[in-house]
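Letter by letter, the chains look like this.
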Amino acid sequence: MKVFDNTTKKIFFASWVSLNPTEASHANVIQLGRPVSKLHIDILQPLRHWLDRVQVRDRQLAHRLCQYIPAQCPFERDVKLFGKTLLHIPPMCKLNPLYEEVVSLRFRALCYLADECGEDISQYC
């Protein structure tokens, strides 16, 4: 007896399908997720673009970036007492609004050192 034979026949998908697209355009549509405002100003957008456009073309710059940007969140900790974990402090780096851009900059620096310079990057991992 195969599990596949018994389960695939009982799977169904529930969704809303509109057969007439003109009816769907006049209906009230509820959008899930965060509401979209007409005036959305992101004050960090220029800094994000600048970080994304930084090209790593210097060996010393790549080494400095790999040293200064940590591979793991330095704030994540386990508080232990007598070998038992009392408290776990979660990583807070993802609260940083520029986290993705900084991590991608570090990754580009690592790739430059490994691919272009042919260096061993295991010291930064």
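The sections below set out a description of the structure shown in this document. (Residues numbered from 1 in each chain as written. Predicted model: local features only at pLDDT ≥ 70, side-chain atom pairs only at ≥ 80, totals over all residues. Heavy atoms only, no water.)

### Considerations on the overall build of the chain
Heads up, the condition is: Strands are runs of DSSP state E lasting at least two residues, helices are runs of H or I lasting at least four, and both sets are numbered from the N terminus onward. In this description, contact between two residues means that some pair of their heavy atoms is separated by no more than 4.5 Å. Computed with a 1.4 Å probe, the accessible areas rest on the Shrake-Rupley method; for each residue, only the protein chains presented here act as cover.
Secondary structure assignment for the chain yields five helices and two strands. Listed N to C, the secondary structure of the chain is α-α-α-α-β-β-α in terms of helices and strands. Restricting to contacts in the chain with at least 6 residues of sequence separation, those with at least 24 account for 58%. Roughly 11400 Å² of accessible area belongs to the chain as shown, and the carbon and sulfur atoms make up 60% of that amount.

### Digging into the pairing of strand β2 (residues 84–89)
The following threshold applies: In this analysis, strands are considered paired if DSSP registers two or more bridges between them.
The pairing of strand β1 (residues 77–81) with β2 spans five bridges and is antiparallel. In the strand pairing of β2, V79 is matched with L87. What sits between β1 and β2 in their antiparallel hairpin is a turn of two residues, with F82 showing a positive phi close to 55 degrees.

### Things to note about the nonpolar core
What counts here: Residue types Ala, Val, Leu, Ile, Met, Phe, Trp, Tyr and Cys, when buried and joined through side-chain atoms within 4.5 Å, form a set referred to as a nonpolar core. Whether a residue is buried, partly exposed or exposed follows from its accessible area with a 1.4 Å probe, protein chains only, as a fraction of its type maximum: under 20%, in between, or over 50%, in that order.
By size, the foremost hydrophobic cluster in this structure holds 15 residues, and its most contacted members are V56, A62, L65, C66, L105, A109 and L113. The set of elements that each furnish at least two residues to this core consists of α4 (59–68) and α5 (99–116). For this core, the element with the highest residue contribution is α5, accounting for five residues.

### Focus: the pattern of salt bridges
Heads up, the condition is: Here, a salt bridge means any side-chain nitrogen of Lys or Arg that lies within 4 Å of a carboxyl oxygen of Asp or Glu.
The final tally for this structure, using the stated rule, is three salt bridges. Here E101 ties to R48 by a salt bridge, and the two come within 3.6 Å at their closest N and O atoms. Residue E101 is found in helix α5, and its partner R48 is found in helix α3 (residues 45–53); the two are separated by 53 residues along the sequence. Accessibility assignment for this pair places E101 and R48 in one class, buried. A salt bridge links R59 to E119; the shortest N-O distance between them is 3.0 Å. Placement of R59 in helix α4 and of E119 in the segment after α5 is noted, with a sequence separation of 60 residues between them. Judged by relative accessible area, which is 40%, R59 ranks as partly exposed. Residues joined in a network through salt bridges with shared partners are D42, R48 and E101.

### Examining α5
Rule in force here: One less than the residue count of a helix, multiplied by 1.5 Å, gives the span that helix is expected to have.
Taking 1.5 Å per residue as the helical rise, α5 with its 18 residues ought to reach 26 Å, and the 25 Å between its terminal C-alpha atoms agrees with that figure. All of the buried residues in α5 are E101, L105, R106, A109, L110, Y112 and L113.

### Considering the state of the cysteines
Note the following rule: Criterion for a disulfide: a pair of cysteine sulfur atoms within 2.5 Å.
Under the criterion given, the structure shown has zero disulfides. Of all cysteine sulfurs, the one in C66 lies closest to C111, which takes part in no disulfide; the gap is 9.4 Å. A disulfide-free cysteine, C125 has its sulfur positioned 8.7 Å from the sulfur of C66, the nearest such atom. Judged by relative accessible area, which is 73%, C125 ranks as exposed.

Don't take any of this as a statement about function, it's just geometry.
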